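Topology and contacts: notes
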Amino acid sequence: MKEYLQAKDLSFSYSKRKVLDKLTFSVKEGELVGVAGPNGAGKSTLLHLLAGLITPGGGEIIIGGKEARFLSRRMWSKKVAVVFQEVPQNLDLTSQEVVTMGRFPHLGRWQREREVDEEKVFWAMKITSTTVFSDRLFSELSGGEKQRVMIARALAQEPELLLLDEPTSHLDVLHQLEIMDILLDLRAGGVAIVSVFHDLNLVSQFCDKALLLKEGRMLSFGRVEEVMRAEEVEKLFGVEFLETTHPFSLRPFFMPLRKIKNETHRGRIHLICGGGSGSPLMRELLEAGFSLSLGVVNQLDSDEELARKLGIPVVQEKPFSPFSPSTMEEAYRLAQKADFIVIAPTYWGRGNLPNLDLAERLVRENKVVLILKEALDSRFDYTEGEAHKKLERIIEEGGEVIEDLSTYFSSPSS
Amino acid sequence: MSIKNKKRLIYPGLLILVLGSIFLAQGFGGGRYQISDSLSLFSSSTLSPSERIILFEIRLPRVILSFLVGGSLSLGGAALQGVFQNPLVDPYVLGISSGAALGAVIAILSGVYLGFFTIPLFAFSMALFSAFLVFHLGKVGKKFPLEVLLLAGIGVGFFFSALVSLGMFLAGEDLHQLIFWTMGGFWNSSWREVKMVLPFLIVGLPVLVSFSRELNAFLLGEKVAESLGVEVEKVKKWLLLVVSLLVASAVAVSGVIGFVGLVVPHLVRLLGIRDHRHLLPFSFLLGGGVLLWADTLARTILNPVELPVGIITNLLGVPFFIYLLQKRKKNP
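For the structure given in this document, a descriptive report is provided here. What you see is a predicted model; the values in this text were computed from it and never measured.

Procedures and definitions
Residues numbered from 1 in each chain as written. Chains lettered and ligands numbered in written order. Predicted model: local features only at pLDDT ≥ 70, side-chain atom pairs only at ≥ 80, totals over all residues. Heavy atoms only, no water. Helix = DSSP H or I, 4+ residues; strand = E, 2+ residues; numbered from the N terminus. Expected span 1.5 Å × (residues − 1). Buried < 20%, exposed > 50% of the residue type's maximum accessible area, 1.4 Å probe, protein only. Contact = heavy atoms within 4.5 Å. Salt bridge = Lys/Arg side-chain N within 4 Å of Asp/Glu carboxyl O. Axes fitted to C-alpha atoms, helices over the stretch in contact; angles between N-to-C directions. Parallel < 35°, antiparallel > 145°, perpendicular 65-115°, else oblique. Left-handed = near helix turned anticlockwise from the far one by under 90°. Nonpolar A, V, L, I, M, F, W, Y, C, P; charged D, E, K, R; others polar.

Residues and elements named next belong to chain B. For helix α4 (residues 96–110), spanning 15 residues, the distance from its first C-alpha to its last is 21 Å, which sits close to the expected 21 Å at 1.5 Å a residue. For α4, the complete set of buried residues consists of Ile96, Ser97, Ser98, Gly99, Ala100, Ala101, Leu102, Gly103, Ala104, Val105, Ala107 and Ile108. Buried positions along α4 lie against α5 (118–138), α6 (146–169), α7 (175–183) and α11 (232–254). Trailing α4 by a residue or two, Gly111 shows a phi angle of about 75°, which is positive.

Take unusual backbone geometry next. Residue and element names in this part refer to chain A. Gly295 connects to Val296 through a cis peptide bond whose omega is 0°. Mapped onto the secondary structure, Val296 falls in strand β14 (residues 291–298). Notably, Glu215 is not glycine yet its phi reads approximately 50°, a positive angle. Note on placement: Glu215 falls in the loop between β9 (209–214) and β10 (217–223). Residue Glu215 is classed as exposed on the basis of its relative accessible area, which comes to 64%. Within the chain, Phe320 stands out as a residue other than glycine whose phi angle is a positive 55°.

Another point: the pattern of salt bridges. This model, assessed by the stated rule, comprises 35 salt bridges over all chains. Across the salt bridge formed by Glu113(A) and Arg213(B), the nearest N and O atoms sit 3.7 Å from each other. Here the residue Glu113(A) occupies a position in the loop between α3 (95–100) and α4 (115–127), and Arg213(B) occupies one in helix α9 (residues 212–218), the pair thus bridging two chains. By relative accessible area, which is 14% here, Arg213(B) ends up buried. Glu178(A) serves as the salt-bridge partner of Arg148(A), at 3.1 Å between the closest nitrogen and oxygen. Of this pair, Arg148(A) sits in helix α5 (residues 143–156) while Glu178(A) is found in helix α6 (residues 173–188), placing the two residues 30 residues apart along the sequence. Residue classification places Glu178(A) among the partly exposed residues on the basis of a relative accessible area of 27%. A single network of salt bridges, built from pairs that share partners, joins Arg103(A), Arg114(A), Asp117(A), Lys120(A) and Glu158(A).

Residue and element names in this part refer to chain B. Close contact between helix α3 (residues 49–84) and helix α12 (residues 260–270) brings their axes to 7 Å; oriented N to C, the two are set at 70°. Judged by the angle between their axes, α3 and α12 are roughly perpendicular. The element α3 and its partner α12 pack so that their crossing is right-handed. Counting all contacts with α3, which are made through Gly70, Leu73, Ser74, Gly77, Ala78 and Gln81, the residues of α12 involved are Val260, Gly261, Leu262, Val264, Pro265, His266 and Arg269. Classifying every residue of the contact of α3 with α12 by side-chain character gives six nonpolar, six polar and one charged.

Fair warning: the whole summary comes from geometry, so function is off the table for now.
Printed below as a string of structure tokens:
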């Protein structure tokens, strides 16, 4: 497939503020390019430039091999159609009349609609499944139906390049997928498509290429599999993402985790937990700006899984196995680096008792060991009091029993 | 399919109604209706010279002029409502009416006499002057943002109205003439006024209709229209220019007649016609018919006194309009 759209060093400024800075990319026929980026990155401006609605401040656009600045408005509209984010309100025209407006660039001032125009309108409505409400007033349609009619209107222009600005925003999942299906159909028909998406995963699931924009600059452009990596989208949005693989498409799928904070480092905590007792603490402590380490926990333990996803260093033991001395040694080395040791309310059994020995060893070495008060409750003890005895010993050696972590760390004494 | 058939019938129907109206209106005079006066349109050989003058030099041009002025105002209103995408816009939004009134005030008070056409000429020139002033004030760079244009029109309109009021205050014995002019009417109509309005319509109507598809595209918003290939700013300029000329010519011969240009396009829309290819010619025909009958009423209802037609249009038109709105609210 050949290149249909090329942008070279494309720039745009709005009253001295650079909105877009030297974008260079190209789109082939039958290629779907997704544009993603935070609010104010210049995504809509980019579409306006490609649609010829505003004039670039620098660089050039080549459409179908021709320099676009020499195209007349009408010629431009014959090649490029746009679906805007907002749909017209209070429009008392039937859907079919709205779609027929897409024939505008193909008709002369005094020309009536020809048979071929009616055919194109029919085709556009068929491909968007809007034929059923062709006689209904546009103002009476639902949001998803309106958006499909606006897409049909754009298709009636017979565009070689279709531009869409967040075509799926405000739509529910089913309608989002319907829109994506339409785009994939068009792509198969050889139309070049550039679409802005609010949802990162729509780009990673459906697009061939991704164009990542941040503050008017192109962060990256390329095939989705190459460009869309967790570290890249983290840079894009300033949010930590968990990257997994979508089970059906086998493409990257992103889950936002939390805001990346630039807070001062508040210290390191080694968490002794297991069976889910650490999960709420991990989130709380990370948010508060601490760095964490964890262990020992068994593999497949929910705390272990979460820690791994959050990128927290964990010392693991094989599933359902008692902690071996070598693992304990490893945990000791990791915990030594921490400023605090925190013991979460965890169920104690023969298997994980060595964790308490670890805490005792550390408290003897004058590490600050904090025991959440709830952890002392006897219902957690499945060792006939042995765990309780160990906890008592830790307290004797200087371990501190606290109500909860946030009060402890927010009080001035700490 | 029934809608399409209805549309096919409605044009000849409306045309027959208009011609019939002209025929009937020609029969009204001196407070009564005489079929013989209407029939004289077809055979005038039996008329006495004075009857001939009354029927063909006074009554007929007046009937036709009221039709043409009503048509021009409604057509202008429909086109401007389309450009501004605002149904509350009337053809005077560009300050044309107050400009024309100021022109008439200047002509009457200054006592300048440039022949029979002095007042219409002054009114026409000042109407266009105010329109261009509004364009100039409403221009931002190379564009005409609609809100700015609208505000400029309101501002210029108020300023000129203030000058008109000042003129009236200082008018002395000319006050009567001024008041009559600002109320609008067809007292002194002759074929000369018809000849003044007609060329603007002959050019303006087809030009405006030729912009129907652009006006339809405007319904989707300026941005979408532009993406469809409409050269928005160019089209706006052309439409505003043509409407200004059309409305200025109408105001110049009739004074300021309210309501018709605002409400008639609404009535047409209430009939379910929104496509400008039909909305514009419909508004023209209906507006012409409405003003024709309003004027017929104005000159017969209080015989021998004549009412300014503007009073009739407002008195009858607005309640009718409110009635239609209520009806539409109940079953949209």
